[in-house]
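What the coordinates show
What follows is each chain in one-letter form.
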Amino acid sequence: MRTQVVIVGAGPSGLLLGQLLHQAGIDNVILERQSAEYVLGRIRAGVLEQVAVDILDEAGVGQRMHAEGLPHEGFDLLVDGQRHRIDLARLTGGRRVLVYGQTEVTRDLMAARAASGQTTVYEAANVTLHDFDGERPWVTYAHGGQTHRIDTDFIAGCDGFHGVCRASVPRSAITEYEKVYPFGWLGLLSDTPPVHHELIYVNSPRGFALCSMRSRTRSRYYLQVPLTDKVEDWSDAAFWDELRRRLDPAAAEALVTGPALEKSIAPLRSFVSEPMRFGRLLLAGDAAHIVPPTGAKGLNLAATDVKYLADALIEHYRERSDAGLNTYSERCLRRIWRAERFSWWFTRLMHRFPNEGEIEHKFQQAELDYLLHSEAGARTIAENYVGLPLDFGLRRA
Ligand code: RFL
Ligand code: PHB
């Protein structure tokens, strides 16, 4: 088989890239290790920046997102038992975010993929990359008991943090920056009305918590837990009890509990690998970088990487220019480092760090006191939360 672009991974990055390329008449094949049901079963991100909304609109998959997504003009920080609203709209000149789950984004992209007629191979095993440092890369994979070969112009590595693409690059060609946090997030999804109409990020003496949602009837909650905890250690009742203890009395009172539809523990990590292009292999999304989820940036960064990559590939085919491909890494990395810094900072601000002493805790409280009682402080949080414009990666200012 031959195609113009082989895309490894059918998460949001791979599916979105496939759609943007298809719209531009660029033939592509997606190879995904898991089944479609498995990919849809992973409960992940919930908050879209305007820039991601715009890209999904451009990809023609925005209809249900606009009908069902919940626009949010602010969120609460609960600190020292007091709630403080970060008024995103007022602090950023009218900007806001959209609460619409990654599962739904993925479902919309899968429907567009099916309608496009482009090939997607689920349960593709042993995907192996060949000759991406030359002019004629190729990819092999196993499916249905047979090994298949695809010849291609480019390989897009959209296969997440544990994927094969980044791992195929010689160690000497790549620089990795990593920080692993000494706790995880235990998440619970339930068909219960959200405790509040906006998100609540909680800094409590018992650790961080987050009250989020998927709709007006479906809630998503998170608790900071030690890395040694296992999901099996947490009954639904234990989860709800602990969440209540981390909330203020009004929220604890308003909390509606119910059976968990899903419960999982995610480790927290900051990670960037540089560069993102190796000859004819280009990495995008979690394959190249991870942020701790506190800033809600992961899916948004994936969308902007993919937009830059799609534009660069379109320029290659339409204008026979590699200018966009040559600057792809640089464009992405500038906004990636900004989001990495915010996610790291917001994580530090809101969590209890088990290995730190009382003085670090006092510094954290003083910083929160400053941020929440200063217009400039609140604006710093708001500006970073709503995110950077798409052309940010181009500007050198
Ligand atoms: P994905 O979603 O990991 O998809 C990669 C796909 O590649 C497949 N794959 C392979 N396929 C073929 N061969 C191989 N060898 C392969 N190896 C892997 C995998 O099966 C998978 O289907 O990466 P992608 O597409 O780059 O998307 C990134 C996002 O999923 C991620 O950044 C976000 O979920 C992060 N994130 C959040 N981002 C936000 O913007 N806002 C949020 O509110 C938010 N909350 C979160 C989050 C991530 C979380 N977890 C669990 C990590 C909350 C959590 C708890
Ligand atoms: C979510 O709803 O899953 C979510 C929301 C905001 C975050 C992280 C996760 O910062």
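This one's a predicted model, so the numbers in the text were calculated from it and none came from an experiment. (Residues numbered from 1 in each chain as written. Chains lettered and ligands numbered in written order. Predicted model: local features only at pLDDT ≥ 70, side-chain atom pairs only at ≥ 80, totals over all residues. Heavy atoms only, no water.)

With respect to the sheet that holds strand E14 (residues 207-213)
Whenever strands of a sheet pair, they do so through backbone hydrogen bonds, lying parallel or antiparallel. Pairing in this open sheet of 8 strands is mixed, and the strands run E6-E5-E13-E14-E15-E12-E16-E19 from one edge to the other. Single-partner strands in this sheet number two, and they are strand E6 (82-87) and strand E19 (289-290). Where strand E13 (residues 200-204) meets E14, 5 bridges bridge the pair, whose relative direction is antiparallel. What sits directly across from serine 204, in E14, is glycine 207. On the sheet, helix H11 (residues 328-350) packs against strand E5 (74-79), strand E12 (175-190), E13, E14, strand E16 (260-274) and E19 and is oriented at approximately 125 degrees with respect to E16. (Pairing = 2+ DSSP bridges. Helix = DSSP H or I, 4+ residues; strand = E, 2+ residues; numbered from the N terminus. Contact = heavy atoms within 4.5 Å. Axes fitted to C-alpha atoms, helices over the stretch in contact; angles between N-to-C directions.)

Quick word on the packing of aromatic side chains
All chains considered together, the criterion is met by 17 aromatic pairs. Between the aromatic rings of phenylalanine 75 and tyrosine 201, the centroid separation amounts to 5.2 Å while the plane-to-plane angle is 65 degrees, which identifies the pairing as edge-to-face. With a gap of 126 residues between them, phenylalanine 75 in strand E5 and tyrosine 201 in strand E13 connect regions that are remote in the sequence. The burial state of phenylalanine 75 is the same as that of tyrosine 201; both residues are buried. Where phenylalanine 239 meets tryptophan 240, the ring centres are 5.8 Å apart and the plane angle is 85 degrees; that geometry is what we call edge-to-face. The residues phenylalanine 239 and tryptophan 240 share a single accessibility class, namely buried. An aromatic cluster of at least three residues, connected via ring pairs, comprises Phe75, Trp185, Tyr201, Phe208, Tyr222, Phe342, Trp345, Phe346 and Tyr385. (Phe/Tyr/Trp six-rings, centres within 6.5 Å; stacked < 30°, edge-to-face > 60°. Buried < 20%, exposed > 50% of the residue type's maximum accessible area, 1.4 Å probe, protein only.)

A few points about the site of ligand 2
What surrounds ligand 2 is a group of 14 residues, the closest being Tyr201, Ser212, Arg214, Tyr222 and Pro293. Tyrosine 201 places a polar side-chain atom, nitrogen or oxygen, 2.8 Å from an oxygen atom of ligand 2. In this structure, tyrosine 222 approaches ligand 2 through a side-chain N or O atom, which is 2.6 Å from an oxygen atom. For ligand 2, whose accessible area on its own is 270 Å², the fraction buried by protein is 97%. When residues of the shell around ligand 2 are traced back to their parent elements, those giving at least two are E14 and strand E15 (219-225). (Near = heavy atom within 4 Å. Polar contact = N/O pair within 3.5 Å; in protein donor to acceptor, adjacent residues only side chain to side chain. Areas by Shrake-Rupley, 256 points an atom, 1.4 Å probe, with all protein chains shown as cover.)

Looking at the nonpolar core
In terms of nonpolar packing, the biggest core is built from 72 residues, with Leu16, Leu17, Leu31, Leu48 and Leu281 touching the most fellow members. The element that contributes the greatest number of residues to this core is helix H9 (residues 298-319), accounting for 10 residues. Listed in part, the 35 residues of the second largest apolar core include Leu199, Phe208, Leu210 and Trp345. (Core = buried A, V, L, I, M, F, W, Y, C linked by side-chain atoms within 4.5 Å.)

Concerning the UniProt feature "domain: FAD-binding" (unreviewed entry) in the protein chain
When the UniProt feature table is mapped onto this chain, "domain: FAD-binding" (unreviewed entry) is found at residues 2-343. Between the C-alpha atoms that bound residues 2-343 the distance is 40 Å, and the span itself is 32% helix and 34% strand. (UniProt positions renumbered as here; feature names shortened; annotations may be inferred.)

Description of the pattern of salt bridges
Evaluated as defined, the whole model comprises 28 salt bridges. Residues glutamate 375 and arginine 379 are paired through a salt bridge, measuring 3.4 Å at the closest nitrogen-oxygen approach. Separated by 4 residues within a single helix, glutamate 375 and arginine 379 lie in helix H13 (residues 375-386), roughly one turn from each other. A relative accessible area of 38% means that glutamate 375 is categorised as partly exposed. In this structure, a network of salt bridges that share partners links the residues Arg64, Glu68, Glu104, Arg107 and Asp108. (Salt bridge = Lys/Arg side-chain N within 4 Å of Asp/Glu carboxyl O.)

Looking at the environment of glycine 184
Position of glycine 184 relative to the elements: it lies in strand E12. You can call glycine 184 buried: its relative accessible area is 0%. Glycine 184 sits 185 residues away from aspartate 369 along the chain, and the two C-alpha atoms are 25 Å apart. Non-local contacts of glycine 184, meaning those with residues more than four positions away in its chain, are made with Leu223, Gln224, Val225, Leu227, Ala266, Pro267 and Leu268.

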